[in-house]
Amino acid sequence: MEEVKDRLLSRNYILVCLAAFLMSFSFFILVPTLPLYLKDTFGISQALIGVVLSCYVIAVLCVRPLTGFAADTFPRKSVYIIAYAAFVASFFGYFFITKTLALFILLRIFHGLSFGMLTTAGNTLVIDVMPSSRRGEGLGYYGVTNNLAMAFGPMTGLFVISSGNYNLLFLTSLITGAVGLLLGSLVRTTKRTTTEKVEFKLSADRFFLKEGIRACIAFLLMAIPYGMTTSYMALYAKESGITHNAGLFFTVMAGGLIISRLHSGKRVDQGFVTQTIRTGIAIAIFGAVGEALLSTIAGASITAGYIAYFLTALLFGYGYGTLFPAYNTLFINLAPNSRRATANATYLTGWDVGIGGGMLLGGAISTNGFTPCYILGAVLLLIALIFFERVVTPHFHKHRLR
């Protein structure tokens, strides 16, 4: 019976991971290309592009707490499939909304709502279908699916729009998302059992994990430079004179994310949660410093600029890949099993606020160049490291449940 259960868990885990990869792939195709699409289609300023992009993240932020509550209360797979279907349906809108910016913003808000629901439910569903003794490792490999999508999604998107065909870009996202929805629907789940009585009481602690607020603040600070990097690095590279193979930045960054996840999850399962997070932040700081110096280095030597460009991508990716599974585990260990989705929602909310802040700050600050954005990113990561060491770590060790 145990062997059958293990095979079922393995099958479900693989399906969830494949569905997550295709969802992330369809998302990351648009990350570096939408700023270019907005500029070409609507002719808007850099600052307004930042506002439009951040609407997506604000929508994600708003829906996460509600999804956490729903996924802890109703069947998680049902919440997951509904969210995935809405996410895929959103891509149809991009084919038709090409003239009115206000309608495009509404489409991005709807897309953000569906993405927020999907990732919150998906992050919780994958925890349900993996053994608790290998949670850190399982989350690490699950994260690799996102990183692989980051490696190939932006590169694919930039390649597709090199022909000027944005409809082909949206069609690619639609097809990959639809296949992911099909795979996700094949996941078999069992009815959750809990000794706690489920109450439909609406209060703040049903939507946010109170014990995770400190960790959420630190995660927010880490997400701001990440948001600026994923949204504006293609434009920053062009500004710095790096025009050939600029899309490979995301591939190298994803390589760093993948390599680090292959061993950081195992360290988490051995009990080194906070130590792994500190190491990841420290490495990410070096990457952020490289980003801040990129324009100066490339100005002195374009060859050195290319070396710095890709070395920065590797360090940035390796640092974040090291801390991601550890940080997710930190939140899960602060919550009872019946509130896993709420813990995930709080974890992802901190990330969303930071990503949105990074998009807004990047769009506002970059009007006179991108270098100040990445200087700010390095400073924020340093502040996050200090805050995590002095505030989050002692709180975690005092309040952890497992």
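Before reading further, recall that the structure is shown in the block above.
All of these numbers come straight from a predicted model, not from anything done at the bench. (Residues numbered from 1 in each chain as written. Predicted model: local features only at pLDDT ≥ 70, side-chain atom pairs only at ≥ 80, totals over all residues. Heavy atoms only, no water.)

Colleague: Hey, could you run me through the pattern of salt bridges in this one?
Modeller: Side chains bearing opposite charge may pair, as long as their charged atoms lie close to each other. Per the counting criterion, the structure on display carries one salt bridge. Salt-bridge contacts for Glu389 lead to Arg278; the nearest nitrogen and oxygen are separated by 3.2 Å. Residue Glu389 is found in helix 14 (residues 371-399), and its partner Arg278 is found in helix 11 (residues 273-300); the two are separated by 111 residues along the sequence. By relative accessible area, which is 35% here, Glu389 ends up partly exposed. Residue Arg278 is classed as partly exposed on the basis of its relative accessible area, which comes to 24%. (Salt bridge = Lys/Arg side-chain N within 4 Å of Asp/Glu carboxyl O. Helix = DSSP H or I, 4+ residues; strand = E, 2+ residues; numbered from the N terminus. Buried < 20%, exposed > 50% of the residue type's maximum accessible area, 1.4 Å probe, protein only.)

Colleague: Got a minute to help me understand the environment of Tyr309 in this structure?
Modeller: Residue placement: Tyr309 occurs in helix 12 (residues 302-333). Measuring from C-alpha to C-alpha, the distance between Tyr309 and Phe249 comes to 7.2 Å, with 60 residues separating the pair along the chain. Among residues more than four places away in sequence, those in contact with Tyr309 are Met233, Ala237, Ile242, Ala246, Phe249 and Leu294. (Contact = heavy atoms within 4.5 Å.)

Colleague: Looking at this model, I keep getting lost on a nonpolar patch on the surface. Mind explaining?
Modeller: On the surface, a cluster of nonpolar side chains totalling about 310 Å² of accessible area is made up of Leu168, Leu171, Ile175 and Val179. With respect to the element layout, Val179 can be found in helix 7 (residues 166-185). (Patch = residues over 30% accessible without salt bridge, like charges linked within 9 Å, V, L, I, M, F, W, Y side chains within 5 Å. Areas by Shrake-Rupley, 256 points an atom, 1.4 Å probe, with all protein chains shown as cover.)

Colleague: Honestly, the packing of aromatic side chains in this entry has me stumped. Any pointers?
Modeller: To describe a pair of aromatic rings, you give the distance between the ring centres and the angle between the ring planes. Across all of its chains, the model carries 39 aromatic pairs by this definition. Ring geometry for Tyr37 versus Phe170: centroids 5.3 Å apart, planes at 85°, classification edge-to-face. With Tyr37 in helix 2 (residues 34-42) and Phe170 in helix 7, this pair connects stretches of sequence that are 133 residues apart. Take Tyr37 and Phe170: they sit in the same class, and that class is buried. For the ring pair Phe219 and Phe324, a centre distance of 6.4 Å and an interplane angle of 90° mean the geometry is edge-to-face. With Phe219 in helix 9 (residues 213-239) and Phe324 in helix 12, the pair connects residues that are 105 residues apart, well separated along the chain. Residues Phe219 and Phe324 agree in their burial class; the two are buried. Arg267 extends its terminal NZ or CZ atom over the ring of Phe272, reaching a point 4.7 Å from the ring centre. (Phe/Tyr/Trp six-rings, centres within 6.5 Å; stacked < 30°, edge-to-face > 60°. Lys NZ or Arg CZ within 6 Å of the ring centre and 35° of its normal.)

Colleague: Where do I start with the side chain of Thr124 in this structure?
Modeller: Of note, Thr124 is situated in helix 5 (residues 101-128). Setting aside residues up to four positions removed in sequence, Thr124 forms contacts with Arg76, Arg340, Ala341 and Asn344.

Colleague: Looking at this structure, I do not really get the nonpolar core. What am I missing?
Modeller: If you look at soluble globular proteins, the nonpolar side chains tend to sit buried side by side. In this structure, Met222, Tyr226, Tyr320 and Tyr327 are the most contacted members of the largest nonpolar core, which totals 120 residues. Top contributing element to this core by residue count: helix 9, with 15 residues. (Core = buried A, V, L, I, M, F, W, Y, C linked by side-chain atoms within 4.5 Å.)

Colleague: When you look at helix 12 in this model, what are you seeing that I'm missing?
Modeller: Its 32 residues give helix 12 an end-to-end C-alpha distance of 47 Å, which sits within 8% of 46 Å, the value for a rise of 1.5 Å per residue. A bend of about 25° at Phe324 is the largest found in helix 12, and the proline Pro325 appears one to four places after it. Along helix 12, 23 of the 32 residues are buried, which leaves the element largely enclosed by surrounding structure. (Expected span 1.5 Å × (residues − 1). Bend = angle between axes of the 7 residues up to and from the residue.)

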